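Observations on the model geometry
Listed below are the residues making up each chain.
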Amino acid sequence: MIKSRRRPFEDTSSGSLQDLSFLLIVFFIVIAGFNVNKGFVLNLPSKEKPKVVQQNDLMKASLNADGTLILNGENSNLEELCAALQEKQKEWPNMTFLLSINPETPYQNVVDVIYEIRNLNIENFCFKMEGGV
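Note that the coordinates shown come from a computational prediction; the quantities given were computed from them, not determined experimentally. Residue positions are counted from 1 within each chain, in the order its sequence is given. Where local features are concerned, this predicted model is filtered to residues with pLDDT of at least 70; where side-chain atom pairs are given and counted, the filter is 80 or more; whole-chain, interface and lining totals use all residues. In computing side-chain values, all of the structure's heavy atoms are included and hydrogens and water are not.

1. Topic: the environment of asparagine 102
Here is the rule: Strands are runs of DSSP state E lasting at least two residues, helices are runs of H or I lasting at least four, and both sets are numbered from the N terminus onward. Here, two residues are considered to be in contact whenever any of their heavy atoms come within 4.5 Å of each other. Nitrogen and oxygen atoms within 3.5 Å of one another constitute a polar contact, given that in protein one can donate a hydrogen and the other can accept it, and given that sequence-neighbouring residues count only through two side-chain atoms.
Considering the arrangement of structural elements, one finds asparagine 102 in the loop between β4 (96-101) and α3 (107-119). Taking the C-alpha atoms as reference, asparagine 102 lies 9.0 Å from aspartate 66; in sequence the two are 36 residues apart. Each residue touching asparagine 102, except ones within four places of it in the same chain, is listed here: Leu63, Asn64, Ala65, Met129 and Glu130. A distance of 2.8 Å separates a polar atom in the side chain of asparagine 102 from the backbone nitrogen of glutamate 104.

2. Observations concerning the side chain of serine 76
Turning to its location among the elements, serine 76 is positioned in strand β3 (residues 74-76). For serine 76, the contacting residues outside a window of four places in its chain are Leu69, Leu71 and Leu81.

3. Points about the nonpolar core
Note the threshold: Grouping buried Ala, Val, Leu, Ile, Met, Phe, Trp, Tyr and Cys residues that are joined through side-chain atoms within 4.5 Å yields what is termed a nonpolar core. Using a 1.4 Å probe on the protein chains alone, a residue whose accessible area is under 20% of its type maximum counts as buried, one over 50% counts as exposed, and one in between counts as partly exposed.
In terms of nonpolar packing, the biggest core is built from 20 residues, with Leu81, Leu85, Phe97, Leu99 and Ile117 touching the most fellow members. In contact with leucine 99, not counting residues within four places along its chain, are Ala61, Ser62, Leu63, Leu69, Val113, Phe125, Cys126, Phe127 and Lys128.

4. Some remarks on a nonpolar patch on the surface
Put simply, the test is: Each patch is built from residues that are more than 30% exposed by relative accessible area and take part in no salt bridge. Like charges join if they lie within 9 Å; nonpolar side chains (Val, Leu, Ile, Met, Phe, Trp, Tyr) join within 5 Å. In these tables, accessible area is a Shrake-Rupley quantity obtained with a 1.4 Å probe, and a residue counts as shielded only by the protein chains included in the view. Criterion for a salt bridge: a side-chain nitrogen of Lys or Arg within 4 Å of a carboxyl oxygen of Asp or Glu.
Together, Leu17, Leu20, Leu24, Phe27, Phe28 and Ile31 make up a nonpolar patch on the protein surface, roughly 610 Å² of accessible area in all. Along the polypeptide, leucine 20 turns up in helix α1 (residues 12-32). On the basis of relative accessibility, which here comes to 49%, the residue leucine 20 falls in the partly exposed class.

5. What about the packing of aromatic side chains?
Heads up, the rule is: Stacked, edge-to-face and tilted are the three classes for Phe, Tyr and Trp ring pairs, Trp counted by its six-membered ring, which pair at centre distances within 6.5 Å; planes under 30 degrees apart are stacked, over 60 edge-to-face, the rest tilted.
Taken as a whole, this structure holds 3 aromatic pairs when the rule is applied. With a centroid separation of 5.9 Å and 10° between ring planes, the pair formed by phenylalanine 97 and phenylalanine 125 is classed as stacked. Here phenylalanine 97, found in strand β4, pairs with phenylalanine 125, found in strand β5 (residues 124-129); they are 28 residues apart in sequence, far enough to count as distant. In this structure, phenylalanine 97 and phenylalanine 125 share a single accessibility class: buried. Here the aromatic rings of phenylalanine 125 and phenylalanine 127 are separated by 5.7 Å at their centres, their planes lie at 40°, and the arrangement is tilted. The class for phenylalanine 127 is partly exposed, based on a relative accessible area of 42%. In this structure an aromatic cluster arises from ring pairing among Phe97, Phe125 and Phe127.

6. Looking at the packing of helix α2 (residues 78-91) against α3
Defined as follows: For helices, the fitted axis covers only the stretch in contact; all axes are lines through C-alpha atoms, and the angles between them, taken along N-to-C directions, range from 0 to 180 degrees. To sort the angles, those under 35 degrees are grouped as roughly parallel, those over 145 as roughly antiparallel, those from 65 to 115 as roughly perpendicular, and the leftovers as oblique. Crossings are sorted by hand: turned counterclockwise from the far helix by less than a right angle, the near helix makes the crossing left-handed, and turned clockwise it makes it right-handed. Note on residue classes: Ala, Val, Leu, Ile, Met, Phe, Trp, Tyr, Cys and Pro are nonpolar, Asp, Glu, Lys and Arg are charged, and everything else, Gly too, is polar.
Across the interface, α2 lies against α3 with an axial gap of 11 Å and an inter-helix angle of 30°. The angle between the axes of α2 and α3 places the two elements in the roughly parallel class. Note that α2 runs across α3; the crossing there is right-handed. Side by side, α2 and α3 meet where Leu78, Leu81, Cys82 and Leu85 of the first sit next to Asp112, Val113, Glu116 and Ile117 of the second. Here the contact of α2 with α3 is composed, by residue class, of 6 nonpolar, no polar and 2 charged.

The structure is reproduced here in structure tokens:
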């Protein structure tokens with residue numbers, strides 16, 4: 001009788017699996033370092049303690065349907081808005097900025113204004129939709 005000898009298990013096939021698992025571990029570690037969900041953190045007032053804002057502490061602006069920015073009843077741009085907000089913030093550090101947004105305003109215009117407001121570190125920022133319910 002002839003005994004057939006089994007060949008020993010070759011280690012080359014498990015080496016590629018080890019390489020693949022190492023690469024996957026590195027990939028997941030690198031991906032975990034990215035912050036995918038970036039957005040605006042808004043502190044909403046509580047219903048039990050509504051915030052009262054004095055009229056002279058309130059600065060208002062509005063965005064029209066065509067994307068124009070209205071500040072103090074006149075057409076304005078982002079640079080003028082930022083300059084006016086910085087001046088008001090020096091006078092009244094607890095100033096509140098109210099942005100009224102037309103529902104037909106292009107989305108990018110709204111994002112641009114909110115981005116500039118956040119860069120100015122204005123803590124009291126409110127926005128509302130015009131004609132909304």
